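Chain residues, written in single-letter form:
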Amino acid sequence: MEIKDNKNLYIETYGCQMNLSDSEIVGSIMAEEGYKTSDAAENADIIFINTCSIRDNAEKRIRKRLREIKKMKKANPDLKVGILGCMAERLKQQLLDEEEVVDLIVGPDAYRDLPNLIKTVESGRRAINVLLSEDETYSEIEPVRLGSNNISAFISIMRGCENFCTYCVVPFTRGKERSRDPETILNEAQDLVAKGYKEVTLLGQNVNSYTWENNGKSLSFPELIAKVAAVSPELRVRFATSHPKDISDELIKTIAKTPNICNAIHLPIQSGSNTVLKRMNRKYTREWYMDRITTIKKYIPECGLSTDIIAGFCGETEEEHKETLALMEWVGYDYAFMFKYSERPNTIAQKKFVDDVPEDVKSSRLTEIIALQQELALRSNKENIGKTFEVLVEGFSKRSDADLAGRNSQNKMLVFPKRNFKVGDYVLVKVTSCTAATLIGEAV
Ligand code: SF4
């Protein structure tokens, strides 16, 4: 893409992978306006903060960052500051009123309007667009790859969510579900392969509810992922994030029979108790979830499994918490994102339930969940000792430049001596030892 001018844009991204992918779309739209993405805030003409509203903590961090940026703006009064993403959508004009350092507020469906909004800001006025859309998927925009290792990339395939889990702000900040034209998805995958990329992650708030309908024909997520995998046998394909209600047998069988679709499924359980799942409006039961895991293990015995868990949701009793621990043990997760419940304004839970689990109880339950997960991860990693995995090299190990690091199909990180291997190579590595977080091995 040709850059017309030489203004610097610095984008700081918080939250989920969807936000990272959106920042790449924003980078592309801004490149058309003559802004080059820079990796330092200090020499930027404009700073965008792509925000997350999922937990109160995330918003507090962003407010703190704005105070730092305020000092930068004092030193450089021409600096412009924009807030993008979920926090922009949630707070709208209020954020402009509360944060005088902010010049621009843009919601997740309004990035195409950035050229107009930037003109307003460049003329010295403040600008806002937080309109949600029913069909925006940014389908034909070629993302600028930010902070990329030139090996792995995200492809956004659907946006929005209408599941209305009671604790979640996403349906309000990201609007209705809509799927992207498969042709543009396949073009993006082909383009990445041509540029030497070896791994793509198909992204969506509910990636497996993807469905494309056109001229009486429809394409489901299992059909789409098979098409993406067929782009090149050298390309690894992953996907995130799935909703348990949409993990069909067809999808599980497609993963099982397609060698380059990775054997790793992230399936957020949130709670192991049916009564809590009901209050959360998760639309599945513990039994349904267990049946899905049984089916996954039947067709993909070596499948890596990860999850999200919330400790201390409204009304959660000790027994309900114990059901979560028991379910974790039963599944034997390899990895989990674990959090205390954080009430978000205007969610269904905030209107309907009392956030009544005391903070210290939430903390102690979370500590138990984390301790159990550590045990499960270590147990699962120990079972891998002596096995050989194909690893896609992503970079150097964090600890030593003499070692390389990469992931296997199950999404586990492996570290091994570098020898003559380089980033982007597929290497067969035999596991010799492990920690709870990493497998350690030797190339064979
Ligand atoms: S599925 Fe539930 S938790 Fe996930 S984005 Fe939608 S409402 Fe939020």
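Residues numbered from 1 in each chain as written. Predicted model: local features only at pLDDT ≥ 70, side-chain atom pairs only at ≥ 80, totals over all residues. Heavy atoms only, no water.

### Regarding the overall build of the chain
We count it as follows: Numbering of helices and strands runs from the N terminus, with a helix taken as a DSSP run of H or I at least four residues long and a strand as a DSSP run of E at least two residues long. In this setup the radius of gyration rests on C-alpha atoms only. A globule is expected at 2.2 Å times the number of residues raised to 0.38. Whether a residue is buried, partly exposed or exposed follows from its accessible area with a 1.4 Å probe, protein chains only, as a fraction of its type maximum: under 20%, in between, or over 50%, in that order. Only heavy atoms matter for contacts: two residues are in contact if any of them lie within 4.5 Å across the pair. Every accessible area reported is derived by Shrake-Rupley at a probe size of 1.4 Å, with residue values counting cover from the shown protein chains alone. In summary, the charge assignment counts Lys and Arg as positive and Asp and Glu as negative, without counting His or the chain termini. Charge positions come from single atoms, namely NZ of Lys, CZ of Arg, CG of Asp or CD of Glu.
For the chain, the helix and strand inventory stands at 14 helices and 21 strands. In summary, the chain has a C-alpha radius of gyration of 22 Å against a globular reference of 22 Å for 444 residues, a match within 12%. Considered along the principal axes of its C-alpha atoms, the chain spans approximately 65 × 55 × 55 Å. Here the chain, with 444 residues, has 55% of them falling under the buried criterion. Relative to all contacts within the chain whose residues are 6 or more apart in sequence, the contacts with residues 24 or more apart total 72%. Entry remark: accessible area of the chain is about 19800 Å², with carbon and sulfur atoms responsible for 50%. Positive and negative side-chain charges of the chain, numbering 62 and 66 respectively, have mean locations separated by a distance of 2 Å.

### Comments concerning the site of the ligand
To keep things clear, this is the line we draw: What makes a residue near a molecule or strand is one non-hydrogen atom of that residue sitting within 4 Å of it. Amino acids are sorted into nonpolar (Ala, Val, Leu, Ile, Met, Phe, Trp, Tyr, Cys and Pro), charged (Asp, Glu, Lys and Arg) and polar (every other residue, Gly among them).
Lining the immediate environment of the ligand, one finds C161, N163, F164, C165, Y167, C168, V170, P171, Q205, N206, H243 and R282. Class assignment for the residues of the shell around the ligand results in seven nonpolar, four polar and one charged.

### Observations concerning the domain arrangement of the chain
Cut-off, in case you're wondering: Domain extents, as shown, originate in an automatic or database domain assignment. The term buried area refers to how much accessible surface (probe radius 1.4 Å) is lost by two components on association, counted for both of them together.
Structurally, the chain comprises domain 1 (7-129), domain 2 (152-383) and domain 3 (388-443). Computed over C-alpha atoms only, the centres of domain 1 and domain 2 are separated by 28 Å. Between domain 1 and domain 2, the contact holds 17 residues from the first and 19 residues from the second. Buried surface at the junction of domain 1 and domain 2, both sides included, amounts to about 1700 Å², of which 54% is carbon and sulfur.

### What about the environment of S28?
Structurally, S28 is set in helix α1 (residues 17-32). Classification of S28 as buried rests on a relative accessible area of 4%. Placed 350 residues apart in sequence, S28 and L378 show a C-alpha to C-alpha distance of 41 Å.

### Thoughts on the sheet that holds strand β15 (residues 304-311)
As a reminder, the rule being used: In this description, strands pair whenever DSSP reports at least two bridges between them. In this description, a line fitted to the C-alpha atoms serves as the axis of each element, helices being fitted only across the stretch in contact, and the angle between N-to-C directions of two axes falls anywhere from 0 to 180 degrees.
Read from one edge to the other, the open sheet built from three strands follows the order β14-β15-β16, with strand pairing classed as parallel. Two strands bound the open sheet, and with one partner strand each, they are β14 (264-266) and β16 (335-340). Averaged over all pairs of adjacent strands, the angle between their axes in this sheet comes to 10 degrees, without regard to strand direction. Direction of pairing for β14 relative to β15: parallel, over a ladder of three bridges. Bridge pairing in β15 places I265 opposite L305. Sitting on the sheet, helix α14 (residues 359-383) is in contact with β15 and β16, with an inclination near 175 degrees to β16.

### What about the environment of D109?
To keep it simple, the criterion reads: Pairs of N or O atoms are called polar contacts if they sit within 3.5 Å, as long as, within protein, a hydrogen donor faces a hydrogen acceptor (for residues adjacent in sequence, only side-chain-to-side-chain pairs).
Along the chain, D109 turns up in the loop between β5 (104-106) and α5 (114-122). What makes D109 buried here is its relative accessible area of 7%. When the C-alpha atoms of D109 and R159 are compared, they prove to be 9.3 Å apart, with 50 residues separating the residues in sequence. The residues contacting D109, other than those within four sequence positions of it, are L131, L132, S133, E136, Y138, R159, R174 and R178. A polar side-chain atom of D109 sits 2.8 Å from the main-chain amide nitrogen of S133.

### Quick word on the packing of helix α7 (residues 182-194) against helix α8 (residues 221-229)
Heads up, the rule is: Throughout, the term roughly parallel applies to angles under 35 degrees, roughly antiparallel to angles over 145, roughly perpendicular to angles from 65 to 115, and oblique to all others. Handedness of each helix crossing follows the sense of rotation of the near helix against the far helix: counterclockwise by less than a right angle gives left-handed, clockwise gives right-handed.
Packing of α7 against α8 brings their axes to within 10 Å, and their N-to-C directions diverge by 30 degrees. The orientation of α7 with respect to α8, classified from their angle, is roughly parallel. Along this stretch, α7 crosses α8, giving a crossing that reads as right-handed. Taking contact as the criterion, the partners of P182, I185, L186 and A189 in α7 are, on α8, L224, K227 and V228. Looking at the contact of α7 with α8 residue by residue, the classes come out as six nonpolar, no polar and one charged.

### Points about the pairing of strand β3 (residues 46-51)
Going by this rule: Seen with the strands pointing away from the viewer, any crossover whose path from the first strand over the helix to the second strand runs clockwise is right-handed.
Within β3, six of the six residues are buried, which leaves the element mostly enclosed by the surrounding structure. Taken together, the five bridges between strand β1 (residues 7-13) and β3 define a ladder with parallel strand orientation. Note on β3: the bridge partner recorded for T13 is N50. Once the chain exits β3 it traverses helix α2 (residues 56-75) before rejoining the sheet at strand β4 (residues 80-85), and the crossover so formed is right-handed.

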